[in-house]
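Analysis of the macromolecular model
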Amino acid sequence: QGGEVKIAFLFSGLFWGVMLVLFGASMILRAVFNLDIPIFRIIFALVIIYFGVKLLLGRQSFKSDENFSMFRSSDITMNESGGEYNVVFGQSNIDLSNIDISENSKKDNVDVVFGSGNLLIDPQIPMKLKISTVFADCKLPHRDINFFGDSGYETPAFVEGENYLLLNVDVVFGSVVIVEKGQE
């Protein structure tokens, strides 16, 4: 933590294992079917396109520099719904344990691309998390999500029909750890 940027995922076994599997699959396709699919170029191009679209369409949601962490480490404490938080080639600690949803339901987005994020949630606050991972991992309080997939998580206080915080978490080539307050 502190001021140092953590890009540990790029040096982890998970990242390089996935890259080697894809490289091996492309070699098999080339040898067996004579197909030359540039896997790494495609993935890199998709990540660049993703950033471009996010910058073009999502620029108005960057309310301040604290919502966007690129090549740096940041600590964010949220008291009210803040819209969208992006971590790109960096590391952020986002504290969601003080969100006030007494008046109405709220929605936030956290996008982590080539970085890492730590989200602190309070199990006493009703929350519904929708998590999407692509070549990434997400550690939830009671299970892990690896590689590709969509998953959901609800805090114990979540009751359908009552006010809650909807948190969309997208992780691409990164890692996110979601910790319940009191478990950190």
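A short tour of the structure in this document, coming up. All figures in this text were calculated on a predicted structure; none of them were measured in a lab.

About the criteria used
- Residues numbered from 1 in each chain as written.
- Predicted model: local features only at pLDDT ≥ 70, side-chain atom pairs only at ≥ 80, totals over all residues.
- Heavy atoms only, no water.
- Patch = residues over 30% accessible without salt bridge, like charges linked within 9 Å, V, L, I, M, F, W, Y side chains within 5 Å.
- Areas by Shrake-Rupley, 256 points an atom, 1.4 Å probe, with all protein chains shown as cover.
- Salt bridge = Lys/Arg side-chain N within 4 Å of Asp/Glu carboxyl O.
- Helix = DSSP H or I, 4+ residues; strand = E, 2+ residues; numbered from the N terminus.
- Buried < 20%, exposed > 50% of the residue type's maximum accessible area, 1.4 Å probe, protein only.
- Contact = heavy atoms within 4.5 Å.
- Phe/Tyr/Trp six-rings, centres within 6.5 Å; stacked < 30°, edge-to-face > 60°.
- Pairing = 2+ DSSP bridges.

Looking now at a nonpolar patch on the surface. A surface patch of nonpolar side chains, about 420 Å² in accessible area, is lined by Ile 28, Val 32, Phe 33 and Leu 35. Secondary-structure assignment places Phe 33 in helix α1 (residues 13-33).

Here Asn 34, not a glycine, exhibits a phi torsion of approximately 55°, which is positive. Following the sequence through the fold, Asn 34 ends up in the loop between α1 and α2 (39-58). Take Asn 34: its relative accessible area is 67%, and that puts it in the exposed class. Phi is positive for Phe 173, which is not a glycine, with a value near 50°. Inspection of the secondary structure puts Phe 173 in the loop between β9 (165-172) and β10 (175-180). A relative accessible area of 3% means that Phe 173 is categorised as buried.

What follows covers the environment of Pro 156. By the element assignment, Pro 156 lies in the loop between β8 (144-154) and β9. Residue classification places Pro 156 among the exposed positions, given a relative accessible area of 65%. Once the C-alpha coordinates of Pro 156 and Lys 128 are considered, the two residues, 28 residues apart in sequence, prove to be 9.9 Å apart. If we skip the residues at most four places from it in the chain, Pro 156 touches Pro 123 and Glu 180.

Applying the stated criterion across every chain yields a total of two aromatic pairs. Note on Phe 114 and Phe 173: the rings are 4.9 Å apart at their centroids and 5° apart in plane angle, and the pair reads as stacked. Linking Phe 114 in the loop between β5 (106-113) and β6 (116-121) with Phe 173 in the loop between β9 and β10, this pair joins segments that are 59 residues apart in sequence. Each member of the pair, Phe 114 together with Phe 173, is buried.

On to the pairing of β5, then. Across the eight residues that make up β5, a large majority, six, are buried. With five bridges connecting them, strand β3 (residues 84-88) and β5 associate as parallel partners. From the neighbouring strand, Val 87 faces β5, where its bridge partner is Val 112. For β5 and β9, the ladder comprises eight bridges, and the chain directions are parallel. Paired with Lys 107 across the strands is Leu 166, a residue of β9.

With that settled, consider the pattern of salt bridges. Summed over the entire model, instances satisfying the criterion amount to two salt bridges. The salt bridge partner of Asp 36 is Arg 30, with a shortest N-O separation of 3.2 Å. Exposure remark for Asp 36: the relative accessible area of 58% places this residue in the exposed category. For Lys 139, the salt bridge goes to Asp 137, with nearest N and O atoms at 3.8 Å. You can call Lys 139 partly exposed: its relative accessible area is 36%.

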